[in-house]
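So the chains spell out like this:
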Amino acid sequence: MSDVAASPGNTNTASAAPEMMAWDSKSRRVVTLYVPLACFLIILLFPFYWMTVTAFKPNAELYNFAEHNPLWISSPTLDHIYHLLFRTAYPKWLWTTMLVAVASTFLSLLCSTLAAYAIQRLRFRGSQYVGLAIYLAYLVPPSILFIPLATMVVQLGLFDTPFALILVYPTFLVPFCTWLLIGYFKSIPYELEECALIDGATRLQILRRITLPLAVPGLISAGIFSFTLSWNEFIYALAFIQSSENKTVPVAILTELVTGDVYQWGALMAGALLGSLPVAIFYSFFVDYYVSSLTGAVKE
Amino acid sequence: MSTATAAPAWTKVRQQPGALARLFDNKAFLIVICLLPAVGLLMTFLTYPLGLGVYLAFTDQTIGRRGIWVGFENFEFLFEDPIFWNAVFFSVFYTAIATVGKFALGLWLALLLNQHLPMKSILRAIVLLPWIVPTVLSAIAFWWIYDPQFSIISWMLIELGIRETNVDFINSPWSARWSLIWANIWRGIPFVAISLLAGLQTISPSLYEAALLDGATPWQRFRHITFPMLLPILAIVMTFSIIFTFTDFQLVYSITRGGPVNSTHLMATLAFQRGIPGGQLGEGAAIAVAMIPFLVFATLFSYFALARRKWQQGESND
């Protein structure tokens with residue numbers, strides 16, 4: 001997995017040569033490659049464009065297609081964003097979401113690093129079955145678990161607190177991260193650890209001084225993935241949180257901003273835009289890690 | 001003189017480890033300590049609730065009242081409930097159509113991205129965007145795109161002279177179903193495309209060179225090299241995709257909430273509606289448990305139908 005993810009460029013340039021021979025005419029290349037690709041990009045990005053345009057449009061333009069071209073903004077306004085930031089609890093929701101995402105990411109990284117190290121490096125009888133069981137746990141979807149978990153959360157007295165989410169999110173994060181980290185640990189030469197063992201290092205020292213520093217790219221990938229997944233999580237947050245101030249952004253936008261019969265589309269789209277931006281920015285910094293974790297996990 | 005003082009310092013470096021350090025160097029102890037957090041967490045919040053959910057399905061528990069064992073009563077009630085059967089039908093239909101759509105378009109996009117292109121990494125980053133953004137938020141954008149009065153698609157179609165009136169996207173059962181399926185395909189394309197692209201990049205270019213020398217057409221190269229080499233990854237991605245499409249909740253809950261007249265309920269949204277706002281935990285759990293056979297079947301089917309090839313080739317199934 002790792003060697004392929006590391007060198008996608010090489011394979012491409014190599015495979016490009018025979019392709020070029022087949023696509024000898026340039027116009028054919030435009031029709032079969034650039035036109036479909038442009039269509040894909042327009043379709044994939046259009047909802048975001050529409051979201052942005054709506055968020056900055058004054059209401060008069062928003063509901064009047066006859067006089068204004070809806071695809072463009074003639075007089076942009078920050079009214080919707082102002083409304084969102086200062087007349088709703090939006091900053092509070094953002095803070096809660098951030099807290100839950102960061103805490104559950106740390107918790108699951110801790111658990112899964114230790115588990116992956118035990119499974120991959122401290123090989124023991126049946127270690128691959130433990131790995132398989134953790135992998136199977138990833139296939140249990142939240143839609144099946146939320147009702148029994150809701151009763152458990154109430155019994156533990158965690159209902160309507162962020163702690164419920166911090167404890168429950170690792171159920172889908174740990175299997176994924178463990179799986180990813182097993183792959184990374186596998187790519188670290190075992191000889192390095194043997195050398196350290198001969199030099200008299202304890203196993204914990206080996207983990208801290210040798211294996212973990214080498215697995216940093218894997219840890220970053222797993223962390224980014226966990227952060228995005230917990231930021232996006234919806235069904236548990238919807239079922240376990242009731243009071244407005246403890247809601248996470250996705251739930252709050254859907255349940256708090258949609259009130260009455262008239263939807264505040266401007267504010268809704270501004271909320272959707274601001275809720276997507278942190279993940280999108282975070283993602284843009286670590287795109288390569290993200291792609292390699294996604295593809296690495298699939299290939300493992 | 002100086003060498004004499006340095007020598008004792010040399011031997012001092014090697015200390016006897018303390019009892020705690022020796023305990024942490026014991027392999028069996030270390031394995032238990034390392035596995036405990038992950039396994040404990042998954043046992044408490046995943047395995048136990050799974051069992052509890054199956055138990056709840058056989059009780060009449062409601063919010064605020066402990067249930068008693070009622071046997072198959074919940075299931076008997078559900079089997080006579082047309083709304084439940086409608087949800088089962090729509091879940092299967094939604095999964096089938098959306099999976100076919102996602103994989104057809106995703107494979108096409110992956111093949112396009114695998115060509116020699118300028119700004120490839122930026123393109124790849126842009127393509128993944130719909131998958132990064134919280135589903136609920138892009139679902140809200142789709143809700144606004146599907147608005148009965150101010151839909152941008154209706155406006156475009158009217159401007160282009162294709163239609164006279166606004167398109168009715170989510171206010172009649174079948175159009176609402178198709179609109180939801182389209183939103184799901186839109187969200188699923190990036191994941192499929194990027195995973196399959198990773199698979200495409202593992203295929204050795206020498207295979208294509210050999211095929212070109214033998215005079216293979218582009219279609220033959222796709223049919224006899226690309227597709228068979230892609231099957232193992234396709235099997236895994238498809239298993240995931242089917243499971244998470246079948247149990248989808250967010251898109252339907254945000255765009256239609258199961259309406260109009262319960263026609264677009266998936267099993268997950270129906271379970272939520274009966275279980276949490278409706279308070280009938282037992283009945284909700286029964287609907288959720290009814291999803292399990294479908295999931296097991298889908299997993300086995302996609303895994304065995306598609307992954308068989310990998311075993312035939314004799315690769316290790318790691």
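Note that the coordinates shown come from a computational prediction; the quantities given were computed from them, not determined experimentally.

## Digging into the interface of chain B and chain A
Every contact between the two is made by 100 residues of chain B and, on the other side, 107 residues of chain A. Summed over both partners, the interface of chain B with chain A buries about 9700 Å², with 81% contributed by carbon and sulfur atoms. Between chain B and chain A we count zero salt bridges in total. At the junction of chain B and chain A, the tally comes to seven residue pairs in polar contact (both at pLDDT 80 or more).

## Re the confidence of the model for chain A
For chain A, the mean per-residue pLDDT works out to 82, and 88% of the residues sit at or above 70. Note on residues 1–18 of chain A: pLDDT is under 50 here. Beyond four places in sequence and across chains, it has 21 contacts.

## Digging into the packing of aromatic side chains
Within this structure, the stated rule accounts for 52 aromatic pairs over all chains. Where F48 of chain A meets W186 of chain B, the ring centres are 5.7 Å apart and the plane angle is 50°; that geometry is what we call tilted. Placement of F48 of chain A in helix α3 (residues 26–55) and of W186 of chain B in helix α9 (residues 173–201) is noted, with the two residues assigned to different chains. No difference in accessibility class separates F48 of chain A from W186 of chain B, as the two residues are buried. With centroids separated by 5.5 Å and ring planes inclined at 50°, the aromatic side chains of F58 of chain B and F75 of chain B adopt a geometry described as tilted. Linking F58 of chain B in the loop between α3 (27–56) and α4 (73–79) with F75 of chain B in helix α4, this pair joins segments that are 17 residues apart in sequence. In this structure, F58 of chain B and F75 of chain B share a single accessibility class: buried. Here the aromatic residues Y135, Y138, F176, W179 and F225 of chain A together with W131, F191, F240 and F244 of chain B are joined through ring pairs into a cluster of three or more.

## Remarks on the pattern of salt bridges
Applying the stated criterion to the full structure yields four salt bridges over all chains. One salt bridge connects K247 of chain A with E256 of chain A, and the closest N-O pair in it is separated by 2.8 Å. Overall, the relative accessible area of 8% leaves K247 of chain A in the buried class. The partly exposed category is assigned to E256 of chain A, whose relative accessible area is 27%. The shortest N-O distance in the salt bridge between R274 of chain B and D81 of chain B comes to 3.1 Å. Taken together, the residues span a long stretch of sequence, with R274 of chain B in helix α13 (residues 267–275) and D81 of chain B in the loop between α4 and α5 (82–113) at a distance of 193 residues. Judged by its relative accessible area of 10%, D81 of chain B is buried. Bridged by salt links that share partners, the residues D81, R274 and E283 of chain B form one connected network.

## Considerations on unusual backbone geometry
With phi around 70°, D160 of chain A is a residue other than glycine that occupies positive phi space. Inspection of the secondary structure puts D160 of chain A in the loop between α8 (142–155) and α9 (162–168). Classification of D160 of chain A by relative accessible area gives buried; the value is 18%. The backbone of R257 of chain B shows a phi angle near 50°, a positive value even though the residue is not glycine. Residue R257 of chain B is classed as partly exposed on the basis of its relative accessible area of 38%.

About the cut-offs
Residues numbered from 1 in each chain as written. Chains lettered and ligands numbered in written order. Predicted model: local features only at pLDDT ≥ 70, side-chain atom pairs only at ≥ 80, totals over all residues. Heavy atoms only, no water. Contact = heavy atoms within 4.5 Å. Buried area = accessible area lost by both parts, 1.4 Å probe. Salt bridge = Lys/Arg side-chain N within 4 Å of Asp/Glu carboxyl O. Polar contact = N/O pair within 3.5 Å; in protein donor to acceptor, adjacent residues only side chain to side chain. pLDDT = per-residue confidence, 0-100. Phe/Tyr/Trp six-rings, centres within 6.5 Å; stacked < 30°, edge-to-face > 60°. Helix = DSSP H or I, 4+ residues; strand = E, 2+ residues; numbered from the N terminus. Buried < 20%, exposed > 50% of the residue type's maximum accessible area, 1.4 Å probe, protein only.

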